[in-house]
Amino acid sequence: MYYLVANFKSYKDTHDVLAWLSEAAPNVQKQQAGVTVIICPQYPALEPAKKLLTENNWHEHILLGAQNVSAFGEGAFTGEVSARGLSGLAEYVIIGHSERRKLFHETREDIEKKTAEAYANNLKPILCVSEETVGDASLVGDGIVAFEPPSAIGSGNVESEEKIREVTGRIEGEVSEGVAVLYGGSVSGETIGELLTIGNISGFLVGSAGLDVGKFLEIFYGVCKSRRASERNV
Ligand code: PGA
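Residues numbered from 1 in each chain as written. Predicted model: local features only at pLDDT ≥ 70, side-chain atom pairs only at ≥ 80, totals over all residues. Heavy atoms only, no water.

Describing the packing of helix α1 (residues 14-31) against helix α2 (residues 43-55)
Our working definition: Each axis is a line fitted through C-alpha atoms, taken for helices only over the stretch in contact, and angles between the N-to-C directions span 0 to 180 degrees. We count a stretch as a helix when DSSP gives it H or I for four or more residues in a row; a strand needs E for two or more, and each element gets its number in order from the N terminus. Each angle receives one of four descriptions, namely roughly parallel if under 35 degrees, roughly antiparallel if over 145, roughly perpendicular if within 65 to 115, and oblique otherwise. Each crossing gets its handedness from the near helix: less than a right angle anticlockwise from the far helix is left-handed, clockwise is right-handed. The contact rule is simple, with two residues in contact once any of their heavy atoms fall within 4.5 Å. Lys, Arg, Asp and Glu make up the charged group, whereas Ala, Val, Leu, Ile, Met, Phe, Trp, Tyr, Cys and Pro make up the nonpolar group; the residues left over, Gly among them, are polar.
Put simply, α1 and α2 touch, their axes get as near as 9 Å, and they point 30° apart. One way to sum up the angle between α1 and α2 is to call them roughly parallel. Our pair here, α1 against α2, has a crossing hand that is right-handed. Counting all contacts with α1, which are made through Thr 14, Val 17, Leu 18, Leu 21 and Ser 22, the residues of α2 involved are Pro 44, Ala 45, Pro 48, Ala 49, Leu 52 and Leu 53. Its residues placed into classes, the contact of α1 with α2 shows nine nonpolar, two polar and no charged.

Laid out in structure tokens, this is it:
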């Protein structure tokens, strides 16, 4: 399976997310190229987004992910959102994004607890790692690992092909078979062409370029075209 994950970060209110989905989903549905799209909006948008996707039968083509989860279970943890609270609303949850590690000082221990909470509540992790934290990938048994070099995030500068190959290769050595390894960091309509030539990745995590439906679809169509071409060559 091939994945395209859009991380909306703290952009877009619920109204914006639903408008984005209403425009993107019919186009995604038409493609049928074996590419699973996962949208990660802010928490309050998850339930209305799920309703919209289900009502329109778009839910097989677009799945939902949360952007974070509490390292704790249910309990007296004001302001935290537990994995149980997300269960049924999202299929995936981003864990260990570099912004969380840097701005909110998340440690390997936090990430370990969050991953365990996710699994215990039927959520699959989208675990983000950098070159320095490749070892965290071993926490994922079923789900996705994204190599996201902090220098490439939001900078417009994608990581070099050589480095992407090297680090995703190392990640593959940490995870079991069936875990998808993605690349993220300045993926856009301009950079997707060269990124698609890197053979051993199973998709992309998109930040800024995913906020605009047109720009997101440009990436999506590029990925679909390349998937179809590679299927023809099998
Ligand atoms: P970017 O963000 O696509 O804007 O570089 C990626 C991310 O933060 O996951």
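Things to note about the state of the cysteines
What counts, and what does not: Two cysteine sulfur atoms make up a disulfide if the distance between them is within 2.5 Å. In this scheme, a residue with accessible area under 20% of its type's maximum is buried, one over 50% is exposed, and one in between is partly exposed, where area comes from a 1.4 Å probe on protein chains only.
Here the structure, examined in full by the defined rule, presents zero disulfides. Cys 40 forms no disulfide, and the closest cysteine sulfur to it belongs to Cys 128, at a distance of 9.0 Å. Overall, Cys 40 belongs to the buried group, its relative accessible area being 0%. Free of any disulfide, Cys 224 has its nearest cysteine sulfur in Cys 40, 18 Å distant.

Section: the side chain of Gln 67
Rule in force here: Residues adjacent in sequence count toward polar contacts only when both atoms are side-chain atoms; beyond that, a polar contact is any pair of N or O atoms within 3.5 Å, and within protein one must be able to donate a hydrogen and the other to accept it.
By secondary structure assignment, the location of Gln 67 is in the loop between β3 (62-66) and α3 (83-86). A distance of 2.8 Å separates a polar side-chain atom of Gln 67 from the backbone oxygen of Lys 9. Separated by 3.3 Å, the side chain of Gln 67 and the backbone oxygen of Pro 41 make a polar contact. Excluding its chain neighbours within four sequence positions, the residues that come into contact with Gln 67 are Asn 7, Phe 8, Lys 9, Ser 10, Cys 40, Pro 41, Gln 42, Ile 94 and Arg 100.

A word on the site of the ligand
To keep things clear, this is the line we draw: Near residues are defined by distance, with any heavy atom within 4 Å of the molecule or strand qualifying the residue. Here the open area of atoms and residues is found with the Shrake-Rupley method and a 1.4 Å probe, where only the protein chains shown may cover a residue.
Of all residues adjacent to the ligand, which total 13 residues, the nearest are Lys 9, His 97, Gly 154, Ser 186 and Ser 208. Residue Ser 186 places a main-chain N or O atom 2.7 Å away from an oxygen atom belonging to the ligand. Taking Gly 207, its main chain carries an N or O atom lying 2.8 Å from an oxygen atom of the ligand. Compared with its free state, where it exposes 280 Å², the ligand has 99% of that area covered by protein. Classifying every residue of the shell around the ligand by side-chain character gives four nonpolar, seven polar and two charged.

Digging into the packing of α1 against helix α8 (residues 213-232)
At a closest axis distance of 11 Å, the pairing of α1 and α8 adopts a crossing angle of 10°. As the angle between them shows, α1 and α8 are arranged roughly parallel. Read as a crossing pair, α1 and α8 show a hand that is right-handed. Residues Trp 20, Glu 23, Ala 24, Asn 27, Val 28 and Gln 31 of α1 lie in contact with α8, whose contacting residues are Val 213, Phe 216, Leu 217, Phe 220, Tyr 221, Cys 224 and Arg 228. For the contact of α1 with α8, the class distribution of residues is nine nonpolar, two polar and two charged.

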